[in-house]
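Fold and geometry: a report
Chain by chain, the residues run as shown.
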Amino acid sequence: MKKLAIIGRPNVGKSSLFNRLLKQRDAITSEQAGTTRDVKKRVAVVVDKEVEILDTGGLDEGCELYDRIKEKSLKAAHEADIILFMVDGKSLPEEDDKKLFYELESMGKAIALVVNKIDNDKMQEKLWEYYEFGTDRIFGISVAHNRSLLPLLNWIASELPESSIVKTDSEVVESEDELDGFDAAMRASAEDDEFEEEDEDDGFFIPEEDDEEEETSIEALEEAYRGIVKEYEAGDVNQMKVAIIGRVNVGKSSLLNALLGEDRSVVSSVAGTTIDPIDETVEYNDKQITFIDTAGIRKRGKILGIEKYALMRTEEMLESADIALLVLDASQPFMDLDEKIAGFVDKNRLACLIVLNKWDLAPKEDYDKIIAEVRDRFKFLSYAPIITISAESKQRVHKIFDMLLKINENYSQRIPTGRLNEVIQAAMRKHILPSINGMNIRLYFATQYDIRPPRIALIMNKPQGLHFSYRRYLTNQLREQFDFEGTPVLFKAKAKSQKKKPQPHKKRSMW
């Protein structure tokens, strides 16, 4: 697939054009220069052809961070087949822009000069001043007002091969109507969904049954509930999204680079270098692993400007992730903020691997003490294994891949219903279900109805009588019998639906 890189100095509208081409609000945009720092890659359809678009950081200099951003942007230009060099049409042409344009033009790629912020007919006159760049491929546009984009789109399509066609209904865009939906999306505000543990709609339902028979065999119940089990294709469990999360400056971007074996993410001593989450997919042992480098999280009182959007994007990424790499700085004391960040893992019911980074700087004699503190602080992640690494020296980083595969296997495993009920039955023999307000609580049947993470339904006469302490006890019993390391195990207490009114006699538990 051909690659198209959007290049230019800071704050000329590169990310806005990137979003416009994607027809969705993907990249974070703001008036603050330097919002985009890493190269963001997405596949878009331009006219009727597919192309991979690279949104790059601004070409600027002056500090370590900007130098690294410029280096990444120029590298993206070398990788691309088509280059859009963007400038700000509200200002006069600058010599630095000309030098950059000529440098890019010397690469021998298809290149166009895109003059943005030509918002009206009066501004159109300023476009003539940019012909001194010496190219006839000049497009005066306004991304914000969706103005004059069609000539640019058709030129891009003309530079793409016929093999990238994804539809054949038209060869040239004749109107801008197809972009109207994007404008609506840009104006729409995201609404946060509040997580509710017991009332979340997980698609689980209980089939209706006659209540005439007092006893029901496991085989009959298993057959009755077979239809509610969610099925997954083999490809689904062979793909995993791994979010790298943690405080600012704990080494998340360095870890991503170490995992990929290349400088994919910008790394600098500036805290909060990563703003927009970036992702990269690799194959390992026939599995696809998509690593997502998220923005570092600060205390809420210190989150300013675009970092608020960065936090929102991080939370969105976690909602679609499968596994979290919780990165902690082993060379410094842990903070309350680390626990709050870990709470995102628990909230989104993710599998987890705790990564103690900068282990080469930690006192080795305190290994047991540090591990004990992690277990004490993050009790709700007791299922997560721990690995000590150094992302900078790549010490033990390679072990993360095999650990992720094992965690994904546990995260995706399905326990046979008969075996699951045997373990639950044995657990109930050790400790019977406590009564509530004098009423006996009965558990009729258990079945795993979903994976990623494993979700188990407990069919009971009084679902509200399942105390959280007994739920925790059952979880521990399952972990003793099955390998659930790295993944949470969720229980859903459900009442058995009935077609008829309850009979006078009491339903006896099958156990």
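Residues numbered from 1 in each chain as written. Predicted model: local features only at pLDDT ≥ 70, side-chain atom pairs only at ≥ 80, totals over all residues. Heavy atoms only, no water.

Structural notes on the pattern of salt bridges
For clarity, the cut-off: The working definition used for a salt bridge is a side-chain nitrogen of Lys or Arg within 4 Å of a carboxyl oxygen of Asp or Glu. Working definition: helices are DSSP H or I runs of at least four residues, strands are E runs of at least two. Numbering for both runs from the N terminus. Whether a residue is buried, partly exposed or exposed follows from its accessible area with a 1.4 Å probe, protein chains only, as a fraction of its type maximum: under 20%, in between, or over 50%, in that order.
All chains considered together, the criterion is met by 18 salt bridges. When the shortest N-O distance is used, the salt bridge between Arg9 and Glu94 registers 3.3 Å. Separated by 85 residues along the polypeptide, Arg9 in the loop between strand 1 (3–8) and helix 1 (14–22) and Glu94 in the loop between strand 4 (82–88) and helix 3 (95–105) bring together distant segments of the chain. Exposure remark for Arg9: the relative accessible area of 23% places this residue in the partly exposed category. Put simply, Arg349 and Asp346 hold a salt bridge, and the shortest N to O gap is 3.7 Å. A relative accessible area of 32% places Asp346 in the partly exposed class. Overlapping salt bridges bring together Asp336, Glu339, Glu373 and Arg377 as one network.

Some details on the pairing of strand 13 (residues 443–450)
This is how the line gets drawn: Only strands joined by at least two bridges in the DSSP assignment are considered to pair.
Where burial is concerned, most of strand 13 is hidden: eight out of the eight residues are buried. Between strand 13 and the antiparallel strand that follows it, strand 14 (residues 455–460), lie four residues; Arg452 among them carries a positive phi value of about 55°.

Topic: the side chain of Asp293
As a reminder, the rule being used: Charged residues are defined narrowly, with Lys and Arg counted positive, Asp and Glu counted negative, and His plus the chain ends left uncounted. In the analysis that follows, any N or O atom pair within 3.5 Å is treated as a polar contact, provided that within protein one partner can donate a hydrogen and the other can accept it, and provided that, for residues neighboring in sequence, both atoms belong to side chains.
Position of Asp293 among the secondary structure elements: in strand 9 (residues 287–293). Of the buried charged residues, Asp293 lacks a salt bridge, with Lys252 as the closest side chain of opposite charge at 5.7 Å. At a separation of 2.7 Å, a polar atom in the side chain of Asp293 contacts the side chain of Ser253.

Describing the environment of Asp236
Among the structural elements, Asp236 can be located in helix 8 (residues 234–237). Spatially, the C-alpha atoms of Asp236 and Gln288 are 9.9 Å apart, while their sequence positions differ by 52 residues.

Concerning the packing of aromatic side chains
For any pair of aromatic rings, the description rests on two quantities: the centre-to-centre distance and the angle between the ring planes. Formally: Here a Phe, Tyr or Trp ring, Trp counted by its six-membered ring, pairs with any other such ring whose centre lies within 6.5 Å, and the pair is stacked when the planes are under 30 degrees apart, edge-to-face when over 60, and tilted otherwise.
Taken as a whole, this structure holds 11 aromatic pairs when the rule is applied. Pairing Tyr470 with Tyr473 gives two aromatic rings, centres 5.3 Å apart and planes at 55°, and the pair type is tilted. Within this pair, Tyr470 and its partner Tyr473 are both found in helix 15 (residues 468–481), separated by three residues, close to a single helical turn. Residue classification places Tyr470 among the buried residues on the basis of a relative accessible area of 5%. Judged by relative accessible area, Tyr473 falls into the buried class, the value being 15%. Pairwise contacts between aromatic rings join Phe85, Phe101, Tyr102, Tyr130 and Phe133 into one cluster.

Some details on the environment of Gln464
Mapping Gln464 onto the fold places it in the loop between strand 14 and helix 15. Gln464 sits 31 residues away from Ala495 along the chain, and the two C-alpha atoms are 9.1 Å apart.

Some thoughts on the confidence of the model for the chain
Close reading of the predicted structure is inappropriate where its pLDDT is low. Under the convention used in this document: Known as pLDDT, the predictor's per-residue confidence is scaled from 0 to 100. The contact rule is simple, with two residues in contact once any of their heavy atoms fall within 4.5 Å.
Per-residue confidence for the chain gives a mean pLDDT of 78, with 72% of residues at or over 70. In the model, residues 266–274 has pLDDT below 50 throughout and makes 37 contacts with residues more than four positions away in sequence or in other chains.

Regarding the packing of helix 14 (residues 417–430) against helix 15
Geometry of a packed helix pair, given as the angle between the helix axes and the separation of the axes. For clarity, the cut-off: Axis lines are fitted to C-alpha atoms, over the contacting stretch for helices. Their N-to-C directions set the angle, which ranges from 0 to 180 degrees. Just so you know how the angles are binned, under 35 degrees is roughly parallel, over 145 roughly antiparallel, 65 to 115 roughly perpendicular, and the rest oblique. A clockwise turn of the near helix away from the far one marks a right-handed crossing, whereas an anticlockwise turn of less than a right angle marks a left-handed crossing. Residue classes follow a fixed rule: Ala, Val, Leu, Ile, Met, Phe, Trp, Tyr, Cys and Pro count as nonpolar, while Asp, Glu, Lys and Arg count as charged, and any other residue, Gly among them, counts as polar.
Between helix 14 and helix 15, the least distance of the axes is 10 Å, while the angle of their chain directions is 125°. Here helix 15 runs oblique to helix 14, going by the angle between their axes. Seen from above, helix 14 lies across helix 15 with right-handed handedness. Where helix 14 approaches helix 15, its residues Arg419, Leu420, Val423, Ile424, Ala427, Met428 and Lys430 are matched on the opposing element by Tyr470, Tyr473, Leu474, Gln477, Leu478 and Gln481. The residue inventory of the contact of helix 14 with helix 15, partitioned by class, reads nine nonpolar, two polar and two charged.

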